Amino acid sequence: MRCRLLAAVVLCASALVARKAHAQCTANATTATTTTSLSLSLCMHVKDVLLLTIDANSSLLGTPKMVNYGPLATYLSSATPLAALSTRAITVTANRAYDLSISAPQATFGPIGVNKPIGDIQWQVGAGAFLPIGTAATSFGLAGVTGTSSATLSFRSRWAFERDVPGSYSTTIVLTLSAR
């Protein structure tokens, strides 16, 4: 008998607990129909992205041939054939408008004792006109807009018998990418 009484008490207690739980669920269901909202502010700081790449960091103009030389007296104004063309592929990636320029840090170059003018090296973007390189920055004239732009940068050189003696000629050219 005692076992039956204990079983009956446990069974009644279970029913009471179940009713309470059921009552709690009903109460929660009623409050879930109301809406609560919360605002959250997100902040991001986007910096300038300016990337200039070139397919190689050096360019060989080659050895000038006899046909590439001209007399110094007429050499800047004449149609003296220029030494071999050297071409590089450049790419600009930017998230804002930009300027791209070219210059040389020194006005002359060449072996010791030779002062070959930097303007004897000419540059060209794509199929544009060849221009002499100078120490002042000259704009490339690329689109200068956001996204990715690619172009071909070519170089050629002038040579004069009276000035350009045998030796190793090399110089540095600076490409500058800057935000507008």
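Provided above is the structure to which this section pertains.
Here the structure is a predicted model, which is why all the values come from computation and not from measurement.

Rules behind the numbers
- Residues numbered from 1 in each chain as written.
- Predicted model: local features only at pLDDT ≥ 70, side-chain atom pairs only at ≥ 80, totals over all residues.
- Heavy atoms only, no water.
- Salt bridge = Lys/Arg side-chain N within 4 Å of Asp/Glu carboxyl O.
- Helix = DSSP H or I, 4+ residues; strand = E, 2+ residues; numbered from the N terminus.
- Buried < 20%, exposed > 50% of the residue type's maximum accessible area, 1.4 Å probe, protein only.
- Core = buried A, V, L, I, M, F, W, Y, C linked by side-chain atoms within 4.5 Å.
- Contact = heavy atoms within 4.5 Å.
- Pairing = 2+ DSSP bridges.

(A) Region of interest: the pattern of salt bridges. Taken as a whole and assessed by the stated rule, the structure comprises seven salt bridges. Residue Arg96 is joined to Asp48 by a salt bridge in which the shortest nitrogen-to-oxygen separation is 3.1 Å. Of this pair, Arg96 sits in the loop between strand S3 (86-94) and strand S4 (98-103) while Asp48 sits in the loop between helix H1 (2-31) and strand S1 (50-54), placing them 48 residues apart in sequence. Judged by relative accessible area, which is 27%, Arg96 ranks as partly exposed. According to the relative accessible area criterion, Asp48 is partly exposed, its value standing at 47%. Close ionic contact of Arg180 with Asp99 constitutes a salt bridge, the shortest N to O distance being 3.1 Å. Separated by 81 residues along the polypeptide, Arg180 in the segment after strand S12 (174-179) and Asp99 in strand S4 bring together distant segments of the chain. Using a relative accessible area of 51% as the deciding quantity, one classes Arg180 as exposed. A network of salt bridges, in which partner residues are shared, links Lys116, Asp120, Arg163 and Asp164.

(B) Main features of the nonpolar core. By size, the foremost hydrophobic cluster in this structure holds 21 residues, and its most contacted members are Trp123, Ile133, Phe140, Leu153 and Phe155. Listed by contribution, the elements that provide at least two residues to this core are S3, S4, strand S7 (121-125) and strand S10 (147-157). Leave out the neighbours within four places in its chain, and Trp123 touches Ile102, Ala129, Phe130, Leu131, Pro132, Ile133, Thr138, Ser139, Phe140, Leu153, Ser154 and Phe155.

(C) Main features of the sheet that holds S4. Spatially, S9-S4-S12 is the arrangement adopted by the three strands of the open sheet, whose pairing is antiparallel. For this open sheet the edge positions go to strand S9 (138-139) and S12, each flanked by a neighbour on one side alone. Across two bridges, S4 lies against S9 in antiparallel orientation. Residue pairing for S9: Ile102 is matched across the bridge by Thr138.

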